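Close look at the chain arrangement
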Amino acid sequence: NQSSLSLQSAQRAVTDAQTTAKLNKKSNQQTLDNAKQDLADEKASWSTSCLDPSGSCPSTDAWSQLRSAEAEVTNAKTAYDQAVQSASADETTNNLKVNQAATNVASATAKQTTECANSSTSSGCVSATDALRSAQQNYDNTVNSQKVAATQGQQSLVNADARITS
């Protein structure tokens, strides 16, 4: 049945998108951890007096650059965390929508099977067939929307990751 194949294909697409999101999250977290370690290494390379604005750092410009870099890392981490949270929330919402659309297709398929059992020309059968077609179209649109949202979420994570890296 074409709707079963579409449902299976969509479920595979959802599973693939979830796997990709998890891998991106892990990769982005590693990049963030590396950036934090790089910042810690840079801090350690300066003397204690250089980290204190009232200290005798040989270069006040260097001190300002260090503080600016710290603020940028903090801002980038916040943006990354927000991107992860947003992508996760969108994924959950879209999964619910796809599951509901799949349930609607299954229900419409069952109704069509029942209504068309005796006559494929009865008004009940025609109506059930139209309802199934509509449910399938809604399902396909929902799956496509989920894919677009997953791509947008991944792009947000890539952008946030690039900001951390820079």
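First, a word on scope: everything that follows refers to the structure included in this document. Because the structure is predicted, anything quoted here is derived from the model rather than measured.

Here is what the cut-offs are and how they apply
Residues numbered from 1 in each chain as written. Predicted model: local features only at pLDDT ≥ 70, side-chain atom pairs only at ≥ 80, totals over all residues. Heavy atoms only, no water. Core = buried A, V, L, I, M, F, W, Y, C linked by side-chain atoms within 4.5 Å. Buried < 20%, exposed > 50% of the residue type's maximum accessible area, 1.4 Å probe, protein only. Helix = DSSP H or I, 4+ residues; strand = E, 2+ residues; numbered from the N terminus. Disulfide = S-S within 2.5 Å. Salt bridge = Lys/Arg side-chain N within 4 Å of Asp/Glu carboxyl O. Contact = heavy atoms within 4.5 Å.

1. Quick notes on the nonpolar core
- By size, the foremost hydrophobic cluster in this structure holds 11 residues: Ala10, Val14, Val98, Ala101, Ala102, Val105, Ala108, Leu132, Ala135, Tyr139 and Val143.
- Going through the elements one at a time, helix 1 (2-45), helix 3 (60-115) and helix 4 (123-165) are the ones with two or more residues in this core.
- For this core, the element with the most residues is helix 3, which contributes 5 residues.

2. Re the state of the cysteines
- Tallied over the full model, the rule gives 1 disulfide.
- Each sulfur of the disulfide joining cysteine 116 and cysteine 125 lies 1.7 Å from the other. Of note, the bridge from cysteine 116 to cysteine 125 carries an S-S torsion of about 100° and is right-handed in sense.
- Residue cysteine 116 is classed as partly exposed on the basis of its relative accessible area of 22%.
- Take cysteine 125: its relative accessible area is 3%, and that puts it in the buried class.

3. Points about the pattern of salt bridges
- Using the criterion set out here, one finds 2 salt bridges in the structure.
- In this structure, aspartate 81 engages lysine 77 in a salt bridge whose closest nitrogen and oxygen atoms are separated by 2.6 Å. Taken together, the residues aspartate 81 and lysine 77, both in helix 3 and 4 residues apart, mark about one turn of the helix.
- With a relative accessible area of 32%, aspartate 81 lands in the partly exposed category.
- In this structure, the salt-bridge partner of aspartate 130 is arginine 133, at a minimum N-O distance of 3.0 Å. Here the residue aspartate 130 and the residue arginine 133 both occupy positions in helix 4, the gap between them amounting to 3 residues, near one helical turn.

4. Re the environment of valine 143
- Mapped onto the elements, valine 143 comes out in helix 4.
- On the basis of relative accessibility, which here comes to 6%, the residue valine 143 falls in the buried class.
- Here the alpha-carbon distance between valine 143 and alanine 101, two residues 42 residues apart in the chain, equals 8.8 Å.
- With near-sequence residues (within four places) excluded, valine 143 lies in contact with Ala10 and Val98.

Shape descriptors only; they carry no functional weight alone.
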